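Summary of structural features
Chain by chain, the residues run as shown.
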Amino acid sequence: MASPFWRLCAACLAVAAACVVVLAGPASASAALSWRGPVAPDVGLSGSALTTVACASTSTCSALTSAGGAVAFDPAAPASGAAVAVAPSVPLAATCPAAGLCVAVDAAGNEVSYNPAAPAGATVHAIDAGHVPDAVTCLSTSTCVAVDTSGNAIMFSPTGAPAPVSHAVDAGQFITAVSCPASGECVAVDTSDNEVTFDPASGQSSATQTLKDYSGTASSLNALACVSATQCETFDGNGYEIQFNPKGNGLTIVPLDKGHAIELAACPSSGQCTVLDAAGNALTFQPGTSTPPPGTPGSSPSQPAQPVPVAPSGQVTGLACDSSSRCVVVTGQGQVVGFDPVSEAVAGPVVADPGRGAYSAIACASVIQCTGADQQGDALTFDPQTGAARAPAGVDPGAVIVYGEACPAVTQCTLVDDNGNEVTFDPQSPGAPSAKQLVANHPLLAIACPASTQCTALTDDRDEITFDPQAPAAATYASLDTPAGDALTAIACPLDSQCTAVDGSGQAVTFDPRAPGRPRPVAVLPAAAVAVACPSARECVGVDTRGDRVTFDPASPARASTAVIDSARLQALQCVTATYCVALDAAGHAVEFDPHGTGATATTTVSPGAVLAGLSCQSSDQCVAVDRAGAAFVATGTLPAPPADDGPPSISGRAREGATLTAAPGRWVGAPTSFATQWERCTAAGRGCRPIAGATSPRYRTVAADVGHRLRVSERACNQSGYAAAAAVSRPTGRIAPMPAPPTISDPSISLARSGRATLQFTLTAARFGPEVAALAVSLPHGVAFSVPGSRRSGRVPGLTLRVHRRAVAPAAAHGSRGRLVLALRRAAHELRLTLTAPALRVRASLARRLRRRGPVRMELTVTLNVRGHRRLRATRRWTAR
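In short, a report on the structure. None of these values were measured; they are calculated from a predicted model.

Reading guide: rules and limits
Residues numbered from 1 in each chain as written. Predicted model: local features only at pLDDT ≥ 70, side-chain atom pairs only at ≥ 80, totals over all residues. Heavy atoms only, no water. Helix = DSSP H or I, 4+ residues; strand = E, 2+ residues; numbered from the N terminus. Buried < 20%, exposed > 50% of the residue type's maximum accessible area, 1.4 Å probe, protein only. Contact = heavy atoms within 4.5 Å. Areas by Shrake-Rupley, 256 points an atom, 1.4 Å probe, with all protein chains shown as cover. Patch = residues over 30% accessible without salt bridge, like charges linked within 9 Å, V, L, I, M, F, W, Y side chains within 5 Å. Salt bridge = Lys/Arg side-chain N within 4 Å of Asp/Glu carboxyl O. Lys, Arg positive; Asp, Glu negative; His and termini not counted. Charge placed at Lys NZ, Arg CZ, Asp CG, Glu CD. Disulfide = S-S within 2.5 Å. Pairing = 2+ DSSP bridges. Axes fitted to C-alpha atoms, helices over the stretch in contact; angles between N-to-C directions. Arc of directions from axis to C-beta. Polar contact = N/O pair within 3.5 Å; in protein donor to acceptor, adjacent residues only side chain to side chain. Core = buried A, V, L, I, M, F, W, Y, C linked by side-chain atoms within 4.5 Å.

1. Observations concerning the overall build of the chain
- A count of helical and extended segments in the chain gives two helices and 78 strands.
- When the 882 residues of the chain are sorted by exposure, 53% land in the buried category.
- Residue pairs in contact within the chain that sit at least 24 positions apart in sequence constitute 49% of those at least 6 positions apart.
- Accessible surface computed for the chain: about 35500 Å², of which carbon and sulfur atoms make up 50%.

In structure tokens:
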């Protein structure tokens, strides 16, 4: 088991990764790629962290990596072996109750059961959702107990049944270790110097003690081993052993390694324990004393046991002792150290996980040749179909980070690095590669080579450099400055005369690398762009740090379309065809998508928790990915046949000018992922149909040019393989009728009687081709107001007379105030006569005086009709009243 600090750090990283994994969602049934690997691992200088270790027998131990992998080895002669993915998150503790069974817990609250000799068959069950289990022990092959950093104990079966049982045995405390000396009794210790003895089935506590050393400083209990039901050993951060009886009486405190935090412990017998401190030193002693066990060479029972350095160069993260004469330590640097705790003979360190080089880029020149570049400047060329690899070659030894790679031919690859260098070499026979510094004091962040004689690289200062890899001295330089000033992050060149680069603010800039001039950048992505691919000169696809994809025409990027394809940060991108792209994310997944669709078509796991660094797809049925741990993964698959028409699209909506028509997709077989829609204008007889320019949306608003014609829609479906061979067409609409003309207002008049009452009259006539009038809103002339107490929904309104074809009728509803009146008719009509008088009509005193003088008074009356499916129709009439 690891120290509380290490476990806490690992848990934080693991919970973040687990959130990403959950949000990414399950793999879709439409996935075309199936991943395998790792193949052709790159053994470099830095290793994958090993987080814990457990031994299933005297000849088999299993180390777990921070990426959720398991590495099996013989503790007597540990040797390099490839890690096999078993855990979805960071494994924090493990135990092996039998020769063919190991059980681990990870930071996402899972338990993982596997055979260390065949870890690929691991099973994963959630046992502690929302918490971080950090220690585990097993009472038998069917019953195990885990504890977490929130003070809970969880009893579970490695088979997943029955369901796990959780109890708060040390509420709110960070439990660091657990041991079960008897079937109904377990002991746990925490960072607050407490020990709790409890029944794992009921959670009932039988004893709780505070165990403090004599150092006088605050500490925490980091490790625990119970050699019997009445004797347990725990160890703290000040180098003390505390021996206690879990029943609640008897306490012995022994200074073992004063001043050094003891982080790991194992007691293979009641008379022998071995501990490791934070400095990588091992110390073997008799429990309850500081003296070495009998038989230790060069020691005396009267002299304290002496620490022995076993892993001074690495952070110790796991300890297991399969016998009194053999222990194994694993470190955060991927090392395994075997030693005899009695004779103090140390063997190692050896590399347990060979996937140790940090790949940063990959390019495949053919389906049988890929070349990966790691961060140390080594190149590894291998056949992705067989895994056969040539020896790694140091082609760029001065590099700290290789940022990009392109292989335009099977005999030529070019790297760019953090020192501003380009390095060109033959991947089949690296020999002495040629290197040229293209720019000083600036790294080259990306490269694209549309031909073996032309490459374009990007700097962090927003410059592009175009050069011939065989004669880089003649390179040309140009600024691609963007308003936001962010570094250019990726580039794609579908032609030697066209490249598109994207930057850290989501902008894209397209230019001719032979004569770039001053191209104008356009914002296309909502977040920082991380990769771009251009399957053709008329289409580019980009992805960003938020999981968005954008598809745009480099000639008119403002018309880009976007969609969310992942909830994790996207890392790399390849577009195999115009309708099929693959992206890698930060959670170890591959996301397949149609760049014209509305989201991902499939999400599959490349390697759980891996930090994927590069992707290359040479065909529609093979992709190769590499990760930061030096592993390469190969995906193969077969794309489905293109879609086939199984029923035409249809059109809904009114066949009138100004109306909106909607196309419903037809029926297709072949799992279409997106559709291409085109509206067509036909003759009045429905023949001679021609495409309407720009009408490619499922919704189309008719215009004046459509009047008298019929319309239809054609539709082509596409999937990962491309578009259907033929389009499906709908039945044509009826002839498009013209837009209804506004109504006319005739015979308007306003008069004032001697009694003071005013009368307003007018006739409203619907125009030709127009709808019948069913409702209208009247804006009265200035100085005239209308008022109805409340809203009259039926019956006659005093002062309001409505005549339809010379017959007086009552409105269905009427309401109004001030200068606005709204009427709804019981039946629609083509013509109506409206008369208003008191009390419905009121005239201001100023207007009444002007009318009494019989002088000319300019009046204006406006009537508005709301016509379904069209814009509002409005009629205005101005006249002079006398």
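2. Brief notes about unusual backbone geometry
- Residues alanine 161 and proline 162 are joined by a peptide bond in cis, for which omega reads 5°.
- Among the structural elements, proline 162 can be located in the loop between strand S12 (152–156) and strand S13 (165–168).
- Located in the positive-phi region is asparagine 441, a residue other than glycine, with phi close to 65°.
- For asparagine 441, the location among the structural elements is in the loop between strand S37 (434–437) and strand S38 (444–451).
- Overall, the relative accessible area of 74% leaves asparagine 441 in the exposed class.
- Residue arginine 462 is not a glycine yet carries a positive backbone phi of 65°.
- Among the structural elements, arginine 462 can be located in the loop between strand S39 (454–459) and strand S40 (463–468).
- The class for arginine 462 is buried, based on a relative accessible area of 19%.

3. Observations regarding a positive patch on the surface
- On the surface, Arg849, Arg850, Arg852 and Arg853 cluster together into a patch of positive charge.
- Mapping arginine 853 onto the fold places it in the loop between helix H2 (845–852) and strand S77 (857–865).

4. Digging into the state of the cysteines
- Under the defined criterion, the tally for this structure stands at 15 disulfides.
- Note on cysteine connectivity: cysteine 321 is disulfide-linked to cysteine 327, with sulfurs 2.0 Å apart. Here the S-S torsion is close to 105°, and the disulfide linking cysteine 321 with cysteine 327 is therefore right-handed.
- Residue classification places cysteine 327 among the buried positions, given a relative accessible area of 0%.
- Note on cysteine connectivity: cysteine 407 is disulfide-linked to cysteine 413, with sulfurs 2.0 Å apart. Taking the torsion about the sulfur-sulfur bond, which here is approximately 105°, the covalent link between cysteine 407 and cysteine 413 counts as right-handed. An identical accessibility class is assigned to cysteine 407 and cysteine 413; each is buried.

5. Observations concerning the pairing of strand S69 (residues 773–779)
- Pairing of S69 with strand S74 (residues 820–829) involves six bridges; the strand directions are antiparallel. Paired with alanine 775 across the bridge in S74 is alanine 824.
- Looking at chain direction, S69 and S77 are connected through three bridges and run antiparallel. Its bridge partner lying in S77, serine 779 is registered against threonine 862.

6. Structural notes on the sheet that holds strand S51 (residues 580–585)
- Pairing is antiparallel in the open sheet, where four strands are placed in the order S50-S51-S52-S53. Two strands in the sheet have a free side with no partner beyond their single neighbour: strand S50 (570–577) and strand S53 (600–605). Sheet twist, expressed as the mean angle between neighbouring strand axes with direction ignored, is 20°.
- With four bridges connecting them, S51 and strand S52 (residues 589–593) associate as antiparallel partners. By the bridge assignment, cysteine 581 is partnered in S52 with phenylalanine 593.

7. What about H2?
- Those residues of H2 that sit buried are Leu847, Ala848 and Leu851. All buried residues of H2 fall inside an arc of 100° around its axis, so they share one side. In this structure, H2 carries Ala845 and Arg852 as exposed residues pointing more than 90 degrees from its buried face.
- Those residues of H2 that are buried lie in contact with strand S67 (744–752), strand S70 (784–786), strand S76 (841–843), S77 and strand S78 (873–881).
- Arginine 854, located one to two residues past H2, shows a positive phi value of around 55°.

8. Considerations on the side chain of glutamine 243
- Here glutamine 243 shows up in strand S20 (residues 240–244).
- At a separation of 3.0 Å, a polar atom in the side chain of glutamine 243 contacts the side chain of glutamate 233.
- Beyond its immediate stretch of four places on either side in the chain, glutamine 243 contacts Gln231, Cys232, Glu233, Gly250, Leu251, Thr252, Pro287 and Gly288.

9. Observations concerning the side chain of aspartate 128
- Looking at the secondary structure, you find aspartate 128 in the loop between strand S9 (118–126) and strand S10 (133–138).
- If near-sequence neighbours (up to four positions away) are discounted, aspartate 128 is found in contact with Gly109, Pro133, Asp148 and Ile154.

10. A short note on the pattern of salt bridges
- One pass over the structure, following the stated rule, counts eight salt bridges.
- Taking the shortest distance from any N to any O, the salt bridge between arginine 326 and aspartate 322 comes out at 3.4 Å.
- Given the relative accessible area of 22%, arginine 326 is considered partly exposed.
- Given a relative accessible area of 18%, aspartate 322 falls into the buried group.
- Across the pair glutamate 860 and arginine 878 runs a salt bridge whose closest N-O atoms are separated by 2.7 Å. Taken as a pair, glutamate 860 in strand S77 and arginine 878 in strand S78 lie far apart in primary sequence, 18 residues in all.

11. Focus: the sheet that holds strand S43 (residues 498–503)
- If you trace the four strands from one edge of the open sheet to the other, you get S42-S43-S44-S45, paired in antiparallel fashion. Since the sheet does not close on itself, it has two edges, and those belong to strand S42 (488–495) and strand S45 (522–523), each with one partner.
- Sheet analysis places S42 next to S43, joined by five bridges and oriented antiparallel. Pairing of isoleucine 491 across the sheet is with alanine 501, part of S43.

12. Some words on the pairing of strand S27 (residues 326–331)
- Judged by how many residues are buried, S27 sits mostly within the fold: five of six residues are covered.
- Across six bridges, strand S26 (residues 316–323) lies against S27 in antiparallel orientation. Looking across to S27, one finds that alanine 320 is bridged to valine 328.
- Between S26 and S27, which pair antiparallel in sequence order, lie two residues.
- Direction of pairing for S27 relative to strand S28 (residues 335–339): antiparallel, over a ladder of four bridges. Residue cysteine 327 lies in a different strand from S28, and its bridge partner there is phenylalanine 339.

13. Details of the environment of alanine 641
- Within the secondary structure layout, alanine 641 lies in the loop between strand S56 (632–636) and strand S57 (644–647).
- Residue classification places alanine 641 among the exposed positions, given a relative accessible area of 54%.
- On a C-alpha basis, the gap between alanine 641 and cysteine 718 in space is 9.8 Å, while along the polypeptide they are 77 residues apart.
- Those residues in contact with alanine 641, other than ones at most four positions away along the chain, are Gly670, Asn719 and Ser721.

14. Quick look at the nonpolar core
- Leu764, Leu776, Val778, Leu800, Leu834 and Leu836 are the most contacted members of the largest nonpolar core, which has 39 residues in total.
- In terms of residue count, S77 provides more of this core than any other element does, five residues in total.
- Excluding its chain neighbours within four sequence positions, the residues that come into contact with leucine 776 are Leu764, Leu821, Val822, Leu823, Leu832, Val863, Thr864 and Leu865.
- Among the nonpolar cores identified, the runner-up in size contains 19 residues, and Ala572, Tyr580, Leu612 and Phe633 belong to it.

15. Observations concerning the environment of serine 183
- In this structure, serine 183 sits in the loop between strand S14 (175–182) and strand S15 (185–190).
- The exposure class of serine 183 is exposed, given its relative accessible area of 66%.
- C-alpha separation for the pair serine 183 and alanine 201, spaced 18 residues apart in sequence, amounts to 9.8 Å.
- Residues contacting serine 183, with those up to four places away along its chain left out, are Leu139 and Pro200.

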